[in-house]
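Structural characterization, general
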Amino acid sequence: MTEKRLDWIDNLRGFGMILVVWGHMNLPYVLETIVYSFHMPLFFFISGYLYRKKEESFLSTLKRKSSGMLIPYFFFATISIPFGIGLALIQNVPWSYSDVFMHYFYLDGVGWNSPLWFLVVLFFIEIIYIVIDKLKWNNIFFIFVCFLLGYGFSITRMEFPFGLNIVLYGIVFYYLGHIGRATNIGDKWRLSKVKTVSVLVTLVLINIIFGLFLNSRVSVYHNQLGNYFWFYIAAISGSLVLFLLFKSTKRVKFLSFLGVNSVVIMCTHYFFKYTFILADRFFGGVLSVDRSLMFSLFETCIVLVCSIPICLFFNKYFPFFIGKRKI
């Protein structure tokens, strides 16, 4: 039985995808730092919020999660290989088949199409969380252990195979999302307009203070979190801001479309990013003006508009490769 989609979650995920794409388009440093302080934890939070305990065998769960995340990962990782080799040749960057192999299986990063990491990490987070939930372990204790282990991994500043370090601190946000849904936190936070605005302003200030002023720009993928504890405070506060803003929204067609097709956009927008970089050779650097707000917004709009036919194409002809069933 297919669960009814939550329109506001699709809106929120769609807005999150806009932030992901914009964050990769060389936007001004201050805005980039703020966006990076919470945009990927937001997706872990959303995934945890949507978690439902299902009465099915572990093998069935493994197949379902593999279909939704690993198949899209390996499909897009495969088509990324020739593009990546072409990039290396054009930019005169050394490459080797061993590098291709290591990146393909996420043993040493995932290569030039770096957003693919999210699918692998989310797969492991969901499988681990399902296991501890089925075994009825003490979830809070387990998550606390992951939080401490994540701290240990974060101070190494190293990138680990399969994004293991990200799994450890990403599962904390996943748990918070699950708890938020289980305790109906959104319904309990039905405040007056004045109080809602006060809460939002407070959370925004917390995010700016801890994510911008007290911490440096973070990169979840590269295991660069700055101050581990400030990172969590900024990520949670930033995610809560959007949670509260979107919780009562009705379906917004464009945002909903982006949210429903987030996997395709996540896995393909770097093709546009590097196409811009290559095309810029013929435009004398005008497309890569350092930290230009105007050009970052312009490129983001191009990517999102061009993503629409790509999403429609995959949904119609190749839904299997993006983790969906053919309708």
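Look a little higher up for the structure.
**Section: unusual backbone geometry**
Look at Phe162: it is not a glycine, yet its phi comes out positive at around 60 degrees. One non-glycine residue, Asn223, lies in positive phi territory at about 60 degrees. Looking at the element boundaries, Asn223 is found in the loop between helix H10 (193–213) and helix H11 (228–246). On the basis of relative accessibility, which here comes to 0%, the residue Asn223 falls in the buried class.

**Concerning the nonpolar core**
Ranked by size, the top nonpolar core spans 85 residues in total, and within it Phe44, Tyr106, Trp117 and Phe231 carry the most contacts. Those residues in contact with Trp117, other than ones at most four positions away along the chain, are Met40, Phe44, Tyr106, Val110, Ile166, Val220 and Tyr221. Among the nonpolar cores identified, the runner-up in size contains 6 residues, and Leu87, Tyr270, Phe271 and Leu278 belong to it.

**Remarks on the packing of aromatic side chains**
Counting across every chain of the model gives 51 aromatic pairs. Between Phe43 and Phe118, the ring centres sit 5.9 Å apart and the planes meet at 70 degrees, which makes this aromatic pair edge-to-face. Here Phe118 lies in helix H6 (residues 117–134) and Phe43 lies in helix H3 (residues 39–49), a separation of 75 residues in the sequence. Residue Phe43 is classed as buried on the basis of its relative accessible area, which comes to 3%. For Phe118, a relative accessible area of 7% translates into the label buried. Centre to centre, the rings of Tyr73 and Phe74 are 5.0 Å apart; their planes meet at 75 degrees, and the pair counts as edge-to-face. By relative accessible area, which is 30% here, Phe74 ends up partly exposed. Through a chain of ring-to-ring contacts, the aromatic side chains of Phe75, Phe76, Phe313, Phe314, Tyr317, Phe318, Phe320 and Phe321 assemble into a single cluster. Directly above the aromatic system of Tyr270 lies the positively charged group of Lys273, at a separation of 5.6 Å from the ring centroid.

**Overview of the environment of Tyr274**
Mapped onto the fold, Tyr274 is located in helix H13 (residues 262–279). For the pair Tyr274 and Phe298, spaced 24 residues apart in the sequence, the C-alpha separation amounts to 15 Å. Not counting residues up to four positions away in its chain, the partners in contact with Tyr274 are Phe83, Leu87 and Trp112.

**Notes on H6**
When the terminal C-alpha atoms of H6 are compared, their 26 Å separation across 18 residues agrees well with the 26 Å that a helix rising 1.5 Å per residue should span. Counting buried positions over the 18 residues of H6 gives 14, a clear majority of the element. Downstream of H6 by one or two residues, Lys136 has phi in the positive range, about 55 degrees.

**A short note on a nonpolar patch on the surface**
Where nonpolar side chains cluster on the molecular surface, the patch consists of Val197, Val201, Leu205, Ile209, Phe213 and Leu214 and spans about 570 Å² of accessible area. Residue placement: Leu205 occurs in helix H10. Taking relative accessible area as the criterion, Leu205 reaches 47% and is therefore assigned partly exposed.

**A short note on the state of the cysteines**
All told, the structure shown has 0 disulfides when counted by the stated rule. Residue Cys267 stays outside any disulfide, its sulfur separated by 10 Å from that of Cys311, the closest cysteine. On the basis of relative accessible area, Cys267 is assigned to the buried category, the value being 0%.

**Observations concerning the pattern of salt bridges**
Side chains bearing opposite charge may pair, as long as their charged atoms lie close to each other. Overall, the coordinates contain 5 salt bridges when judged by the stated rule. Across the pair Asp10 and Arg5 runs a salt bridge, and its minimum N-O distance is 2.8 Å. Using a relative accessible area of 3% as the deciding quantity, one classes Asp10 as buried. By relative accessible area, Arg5 is classed as partly exposed at 42%. Its salt-bridge partner being Arg13, residue Asp10 comes within 3.7 Å of it at the nearest N-O pair. Highlighted residues: Asp10 and Arg13, both in helix H1 (residues 7–23), separated by 3 residues, approximately one helical turn.

**Here we look at the packing of H3 against H11**
Close contact between H3 and H11 brings their axes to 9 Å; oriented N to C, the two are set at 60 degrees. Judged by the inter-axis angle, H3 sits oblique to H11. Here H3 and H11 pass one another in a crossing that is right-handed. Contact residues: Pro41, Leu42, Phe45 and Tyr49 in H3; Phe231, Ala235, Ser239, Leu242 and Phe243 in H11. Grouping the amino acids of the contact of H3 with H11 by side-chain chemistry returns 8 nonpolar, 1 polar and no charged.

**Points about H10**
An ideal rise of 1.5 Å per residue puts 30 Å on 21 residues; H10 measures up with 29 Å between its terminal C-alpha atoms. Those residues of H10 that fall on the buried side of the exposure criterion are Leu200, Leu203, Asn207, Phe210, Gly211 and Leu212. Packed against the buried residues of H10 are helix H2 (29–36) and H11.

**Focus on the side chain of Ser37**
With respect to the helices and strands, Ser37 occurs in the loop between H2 and H3. A relative accessible area of 4% places Ser37 in the buried class. Here the side chain of Ser37 touches Asn207 through a polar contact of 3.1 Å, side chain to side chain. For Ser37, the contacting residues outside a window of four places in its chain are Asn207, Gly211, Val218, Phe231, Ala234 and Ala235.

Cut-off values and rules
Residues numbered from 1 in each chain as written. Predicted model: local features only at pLDDT ≥ 70, side-chain atom pairs only at ≥ 80, totals over all residues. Heavy atoms only, no water. Helix = DSSP H or I, 4+ residues; strand = E, 2+ residues; numbered from the N terminus. Buried < 20%, exposed > 50% of the residue type's maximum accessible area, 1.4 Å probe, protein only. Core = buried A, V, L, I, M, F, W, Y, C linked by side-chain atoms within 4.5 Å. Contact = heavy atoms within 4.5 Å. Phe/Tyr/Trp six-rings, centres within 6.5 Å; stacked < 30°, edge-to-face > 60°. Lys NZ or Arg CZ within 6 Å of the ring centre and 35° of its normal. Expected span 1.5 Å × (residues − 1). Patch = residues over 30% accessible without salt bridge, like charges linked within 9 Å, V, L, I, M, F, W, Y side chains within 5 Å. Areas by Shrake-Rupley, 256 points an atom, 1.4 Å probe, with all protein chains shown as cover. Salt bridge = Lys/Arg side-chain N within 4 Å of Asp/Glu carboxyl O. Disulfide = S-S within 2.5 Å. Axes fitted to C-alpha atoms, helices over the stretch in contact; angles between N-to-C directions. Parallel < 35°, antiparallel > 145°, perpendicular 65-115°, else oblique. Left-handed = near helix turned anticlockwise from the far one by under 90°. Nonpolar A, V, L, I, M, F, W, Y, C, P; charged D, E, K, R; others polar. Polar contact = N/O pair within 3.5 Å; in protein donor to acceptor, adjacent residues only side chain to side chain.

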